Amino acid sequence: MSSHCHTSALLLVFMALAVSGAEQSEERKCDVIGDETSESQMERALLMKLEPLSQMRFNVTVEKGKTENYVYQFRVCREVNSTTHDYGGLVQTDKQNGKTTVIGRINETQVFNGSDWIMLIYKGGDSYGSHCSGEKRRAVIMISCKRGVTASSFSIISEEREKEQECFYLFEMDSSVACPAENSHLSVGSILLITFASLIAVYIIGGFLYQRLVVGAKGMEQFPHFAFWQDLGNLVADGCDFVCRSKPRNAPAAYRGVGDDQLGEESEERDDHLLPM
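Owing to the predicted nature of the structure, the values given are computational and were not obtained by experimental measurement.

On to the sheet that holds strand β8 (residues 168-175). Strand order across the open sheet formed by 8 strands is β1-β2-β3-β4-β5-β6-β8-β7, with mixed pairing between neighbours. If you trace the sheet from one side to the other, it starts and ends with β1 (57-64) and β7 (152-160), each paired once. Across the sheet, the axes of successive neighbouring strands diverge by a mean angle of 25 degrees, strand direction being ignored. Direction of pairing for strand β3 (residues 88-94) relative to strand β4 (residues 100-113): antiparallel, over a ladder of 5 bridges. The partner of Thr93 across the bridge, within β4, is Thr100.

Looking now at helix α2 (residues 41-50). Looking only at α2, the buried set comprises Glu43, Leu46, Leu47 and Leu50. One side of α2 holds all its buried residues, which, seen down the axis, span an arc of 100 degrees. With respect to the buried face of α2, the exposed residues turned more than 90 degrees away are Gln41 and Met48. Packing partners of the buried residues in α2 comprise β4, β5 (117-124) and β6 (139-145).

What follows covers the pairing of β4. What sits between the antiparallel neighbours β3 and β4 is a turn of 5 residues, in which Gly98 has the positive phi angle 75 degrees. Strand direction decides the pairing type here: β4 and β5, joined by 7 bridges, are antiparallel. If you follow Gln110 over to β5, its bridge partner there is Ile121. Counted along the chain from β4 to the antiparallel partner β5, the turn is 3 residues long.

The next thing to look at is the side chain of Glu79. By secondary structure assignment, the location of Glu79 is in the loop between β2 (68-75) and β3. Within the local environment of Glu79, its side chain forms a polar contact with the backbone nitrogen of Tyr87, the two atoms lying 2.8 Å apart. Discounting chain neighbours no more than four positions away, the residues touching Glu79 are Arg28, His85, Asp86, Tyr87, Gly88 and Ile106.

The backbone of His85 sits at a positive phi, close to 55 degrees, despite the residue not being glycine. Relative to the helices and strands, His85 is located in the loop between β2 and β3. What makes His85 partly exposed here is its relative accessible area of 38%. Even without being glycine, Glu166 reaches a positive phi, approximately 60 degrees. Within the secondary structure layout, Glu166 lies in the loop between β7 and β8.

Now for the state of the cysteines. Applying the stated criterion across every chain yields a total of 3 disulfides. Note that Cys30 is cross-linked by a disulfide to Cys77, the S-S spacing being 2.1 Å. Of note, the bridge from Cys30 to Cys77 carries an S-S torsion of about -100 degrees and is left-handed in sense. Separated by 47 residues along the polypeptide, Cys30 in the loop between α1 (2-25) and α2 and Cys77 in the loop between β2 and β3 bring together distant segments of the chain. One exposure class covers both Cys30 and Cys77, and it is buried. What pairs with Cys132 in a disulfide is Cys167, and their sulfur atoms sit 1.7 Å apart. Its S-S torsion of about -100 degrees marks the bond between Cys132 and Cys167 as left-handed, since a negative value means left-handed. Highlighted residues: Cys132 in the loop between β5 and β6 and Cys167 in the loop between β7 and β8, separated in sequence by 35 residues. Among the residues examined, Cys132 registers a relative accessible area of 3% and is labelled buried.

This part covers the packing of aromatic side chains. Scanning the model with the defined rule gives 10 aromatic pairs in all. Arranged with centres 5.9 Å apart and planes meeting at 45 degrees, the rings of Phe58 and Phe154 form a pair that is tilted. In this pair, Phe58 sits in strand β1 while Phe154 sits in strand β7, placing the two residues 96 residues apart along the sequence. Residue Phe58 shares its accessibility class with Phe154, and that shared class is buried. Taken together, Phe58, Tyr70, Tyr72, Phe74, Tyr122, Tyr128, Phe154, Tyr169 and Phe171 form an aromatic cluster joined through their ring pairs. Residue placement shows Arg28 over the ring face of Tyr87; its charged tip is 4.3 Å from the ring centre. Over the ring of Tyr128 we find Arg137, and its NZ or CZ is 4.6 Å from the ring centre.

Let us now look at the pattern of salt bridges. Here the structure, examined in full by the defined rule, presents 7 salt bridges. A salt bridge links Glu27 to Arg78, with the nearest nitrogen and oxygen atoms 3.8 Å apart. One end of the pair, Glu27, is in the loop between α1 and α2; the other, Arg78, is in the loop between β2 and β3, with 51 residues separating them in the sequence. Take Glu27: its relative accessible area is 26%, and that puts it in the partly exposed class. By relative accessible area, which is 4% here, Arg78 ends up buried. The closest approach of N and O atoms between Arg28 and Glu79, which form a salt bridge, is 3.4 Å. Of this pair, Arg28 sits in the loop between α1 and α2 while Glu79 sits in the loop between β2 and β3, placing them 51 residues apart in sequence. Relative accessible area serves as the criterion here: at 28%, Arg28 is assigned to the partly exposed category. Each member of the salt-bridge network shares a partner with another, and the members are Glu27, Glu51, Arg75 and Arg78.

Rules used throughout
- Residues numbered from 1 in each chain as written.
- Predicted model: local features only at pLDDT ≥ 70, side-chain atom pairs only at ≥ 80, totals over all residues.
- Heavy atoms only, no water.
- Pairing = 2+ DSSP bridges.
- Helix = DSSP H or I, 4+ residues; strand = E, 2+ residues; numbered from the N terminus.
- Axes fitted to C-alpha atoms, helices over the stretch in contact; angles between N-to-C directions.
- Buried < 20%, exposed > 50% of the residue type's maximum accessible area, 1.4 Å probe, protein only.
- Arc of directions from axis to C-beta.
- Contact = heavy atoms within 4.5 Å.
- Polar contact = N/O pair within 3.5 Å; in protein donor to acceptor, adjacent residues only side chain to side chain.
- Disulfide = S-S within 2.5 Å.
- Phe/Tyr/Trp six-rings, centres within 6.5 Å; stacked < 30°, edge-to-face > 60°.
- Lys NZ or Arg CZ within 6 Å of the ring centre and 35° of its normal.
- Salt bridge = Lys/Arg side-chain N within 4 Å of Asp/Glu carboxyl O.

Below, the structure written as structure tokens:
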């Protein structure tokens, strides 16, 4: 009985370890500022729109003389370093001393958009020292529309830290996820044209197969209703001739050809009297 209880306890311990390991291995995602119930449908939709970029990592190096040499690492709605569990979505690393500073955290996210851009904001970064009244850092990432490109051109624009409050780091990048959906609706004219062309194709192909396989027609007679279309062409020509004629049908022609009936017999009269005697 005791061995059975011991085995059950071990199974429970293994299950608990497996569950905790699964929770730790699952990467944290963006958490919009405020309660979960206060998140709008627009914010949820934008976070879903950014999801294709979540598995990508972006880096940019900034060198300002010999005193400032930083590497900025950025992930979309994921932690840059999931082992530290610091929620850092955009992190600055000093290449001289290796010091790491969290610029913004994914658990304090804001997101909104325009017609062809998405603004992603990470708040709650590490506090400033002597700048901006010691407030927490904030990263602003402008994602602009560029069709055909998953993500590119990640760069830092500026760092605004000379104010008393509301300081921020501004970054930008290009991605197709920020582009509006293309309007693929066809116009009424296009629909009618496609329908008409489809009907003509069905008529010609179906009629050709019927004439050839059922009727046994050969040559041009395989064309459906060949006699009708042949007569129609003649009728159209006659109608055009009737409409386009600019004078009455019974008006005489402007010139008449020379016929055999107009050629008289050669005159027997000679000019012999003009000859010298």
